[in-house]
There are 2 protein chains.
Amino acid sequence: MTHVQELPSGSGPIPASAVEILTQDLRRRILSGDFRPGEFLRDVKMCEEHSTSRHTFRTAALVLVTQGLLRQIPNRGFMLPEFGPDDIVDITRLRGAIEGEAVRMIVLTGVIPPAALDAVAVMRDPARSADRSALVTADRDFHRAIIAASGSARLKRTYSGLEGEIELLLIQRQGFYAAAEDMALEHERLIDSLKSRHYGTARDAFQEHWEDLQTRLLDQR
Amino acid sequence: MTHVQELPSGSGPIPASAVEILTQDLRRRILSGDFRPGEFLRDVKMCEEHSTSRHTFRTAALVLVTQGLLRQIPNRGFMLPEFGPDDIVDITRLRGAIEGEAVRMIVLTGVIPPAALDAVAVMRDPARSADRSALVTADRDFHRAIIAASGSARLKRTYSGLEGEIELLLIQRQGFYAAAEDMALEHERLIDSLKSRHYGTARDAFQEHWEDLQTRLLDQR
DNA sequence: CCCACAGATATTGTTGGACAATAAAGGGTC
DNA sequence: GACCCTTTATTGTCCAACAATATCTGTGGG
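Note that the structure is a prediction, hence the values are computed from the model and not measured.

**Student:** Looking at this model, I keep getting lost on the overall build of chain A. Mind explaining?
**Tutor:** A count of helical and extended segments in chain A gives 10 helices and 2 strands. Put simply, chain A runs from its N terminus to its C terminus through helices and strands in the order α-α-α-β-β-α-α-α-α-α-α-α. For a compact globule of 221 residues, the expected C-alpha radius of gyration is about 17 Å, and chain A comes in at 19 Å, within 12% of that figure. For chain A, the C-alpha atoms occupy an extent of roughly 60 × 45 × 35 Å along the three principal directions. Of all 221 residues assigned to chain A, the portion counted as buried reaches 46%. Contacts spanning at least 24 positions in sequence make up 69% of the contacts within chain A whose residues lie at least 6 apart. Looking at charge distribution, chain A has the averaged site of its 28 positive side-chain charges lying 4 Å from that of its 32 negative ones.

Written out as structure tokens, the structure reads:
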């Protein structure tokens, strides 16, 4: 079983490199709560579990460090970050800057991204919104669609890094939404604010949305 | 000369890892125009010139990829990016979002970062502003100070990534400022706008500043 | 002439094994 | 219990190797 690298037969559109694959895998594991905050990712263990060499693990981990999903402690290894109140307001601030710019573009062009509407539909549908993880996914898809609609590669790149941190935060502090219905309602309000095609209105609505999430996260524990 | 790793005796406050050192070195080389746009960084050559192993080079290069200073072409290696008009407006857009948020914080607190004033002083001083590279540095320091004043770790992190791309752009398209005096004048205007402690005023001033730079860059060639 | 196609050559991406340096864990003494 | 020494584990780095892919070269046909 040496050097045998199975290609993703019919699934993957991109035959990505081993480092990219591992980066994605680790990302998934981290965001699914496989590790506790403050836990170290021992590389021998990781290499066994993902059957890669220590070098590839190390490289992938470093990429995740640049995205804020891991922290490197010199001579101690790679650790899952623990978020404090400062991190929460900091993340909210950057998020506001990024998503605010995307909102500005959407208002300018007047095109509401269909994927955002789809995400709201999921929140509205009791059958699909029963699963909590489906809600998290829907929320992620909504905001990702907003960013994508900006048409800016760098905005997207920056947000995708931040997105990881946001999700990790939501994982570490669960129960951020009382009910699926509230979530749907709030996001419908955001859509409406975009339809107004008035930047001030939209910006205020989104601002309130972020700050709501922030206070909810801060109130927890 | 194997495994001998000279520690920075009295200079470095942080005995950084080899990857960090190499990342910084490569960054410097890239930003000093050592490589042409589109040029590939062959790893054997790089390893010789920096006397490191191929792994460390590869890891460092990948970090630079995440910062937009290099691009990885599968099975071709790491290439210096070539910026087109799209990239210029895209960079300007993200920059506006990031720096705009920092400006908002500064206006809120009312504290003008001293480092920004220092940078303007350099532009004003004919002796120091004679050297073109000193001007570039002063401009970088000015805007870096603005970001730092926001007090947000993530804003800083994001901007430092973007900063590299901006500098590289300035390297690839030189002569963006007609004279040092114009530069000083424009930045003094920015300082004044901050002193007004009115977000709309400051935001407009900065917005104009970025857009000026954008059009100057776009007009070139 | 130049296009295509074969082999030779170079370069990348990944792996395994090795080792120094540092941190963490025992273990004994006072 | 606090301190020092030894042992162990883990990290960070290097070297050497190899498969896969890309590039170069030369040769023959149209």
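There's plenty left to go through after this.
**Student:** I would appreciate a short explanation of helix α7 (residues 132-149) of chain B in the present structure.
**Tutor:** An α-helical turn contains 3.6 residues, so any two residues separated by three or four positions project in the same direction. All names here are of chain B. Counted at 1.5 Å a residue, the expected span for α7 with its 18 residues is 26 Å, and the 26 Å between its end C-alpha atoms agrees. Among the residues making up α7, those that are buried are Leu135, Ala138, Asp139, Phe142, His143, Ala145, Ile146 and Ile147. For α7, the secondary structure elements touched by its buried residues are α4 (85-109), α5 (114-124), α6 (126-129), α8 (153-172), α9 (180-195) and α10 (199-219). After α7 finishes, the residue glycine 151 shows a positive phi value of roughly 75°.

**Student:** What is the right way to look at the domain arrangement of chain A in this model?
**Tutor:** Where the parts come together, the accessible area they lose is often given as the size of the interface. Residues and elements named next belong to chain A. According to the domain assignment, chain A contains domain 1 (18-79) and domain 2 (85-219). For domain 1 and domain 2, the distance between their C-alpha centroids amounts to 27 Å. Summed over both partners, the interface of domain 1 with domain 2 comes to about 660 Å²; 62% of that surface belongs to carbon and sulfur atoms. For the interface between domain 1 and domain 2, the tally reads 0 salt bridges. Across the domain 1-domain 2 interface, the total number found is 1 residue pair in polar contact (both at pLDDT 80 or more). Here the residues of the side of domain 1 that touches domain 2 sort into 4 nonpolar, 3 polar and 1 charged.

**Student:** Honestly, unusual backbone geometry in this entry has me stumped. Any pointers?
**Tutor:** Most peptide bonds adopt trans geometry, and most residues besides glycine take a negative phi value. Of note in the backbone geometry, Ser51(A) takes a positive phi value of approximately 45° without being a glycine. Residue position: Ser51(A) is located in the loop between α2 (43-50) and α3 (54-66). For Arg197(B), which is not glycine, the phi dihedral falls at a positive 60°. With respect to the element layout, Arg197(B) can be found in the loop between α9 and α10.

**Student:** Sorry, what's going on with the protein's contact with DNA strand C here?
**Tutor:** Among the 20 residues in the neighbourhood of DNA strand C, the closest are listed as Ala18(A), His55(A), Asp43(B), His55(B) and Arg58(B). Counting only the atoms of DNA strand C within 4 Å of the protein, the fraction contributed by sugar and phosphate is 69%. Between DNA strand C and Arg42(B) there is a distance of 3.4 Å, counted from a sugar or linking oxygen to a side-chain nitrogen or oxygen. Between DNA strand C and the protein, one listed contact pairs a base oxygen with a side-chain N or O atom of Arg54(B) at 2.7 Å. Within the residue set of the surface near DNA strand C, elements represented by two or more residues are α1 (18-31) and α3 of chain A together with α3 (54-66) and β1 (71-73) of chain B. Tallied by class, residues from the surface near DNA strand C come to 3 nonpolar, 10 polar and 7 charged.

**Student:** Would you take a moment to explain the environment of Pro85(B) for this structure?
**Tutor:** Mapped onto the secondary structure, Pro85(B) falls in helix α4. For Pro85(B) and Asp219(B), which are 134 residues apart along the polypeptide, the C-alpha to C-alpha distance reads 9.6 Å.

Each value, and the rule that gives it
- Residues numbered from 1 in each chain as written.
- Chains lettered and ligands numbered in written order.
- Predicted model: local features only at pLDDT ≥ 70, side-chain atom pairs only at ≥ 80, totals over all residues.
- Heavy atoms only, no water.
- Helix = DSSP H or I, 4+ residues; strand = E, 2+ residues; numbered from the N terminus.
- Rg over C-alpha atoms; globule rule 2.2 N^0.38 Å.
- Buried < 20%, exposed > 50% of the residue type's maximum accessible area, 1.4 Å probe, protein only.
- Contact = heavy atoms within 4.5 Å.
- Lys, Arg positive; Asp, Glu negative; His and termini not counted.
- Charge placed at Lys NZ, Arg CZ, Asp CG, Glu CD.
- Expected span 1.5 Å × (residues − 1).
- Domains from an automatic or database assignment.
- Buried area = accessible area lost by both parts, 1.4 Å probe.
- Salt bridge = Lys/Arg side-chain N within 4 Å of Asp/Glu carboxyl O.
- Polar contact = N/O pair within 3.5 Å; in protein donor to acceptor, adjacent residues only side chain to side chain.
- Nonpolar A, V, L, I, M, F, W, Y, C, P; charged D, E, K, R; others polar.
- Near = heavy atom within 4 Å.

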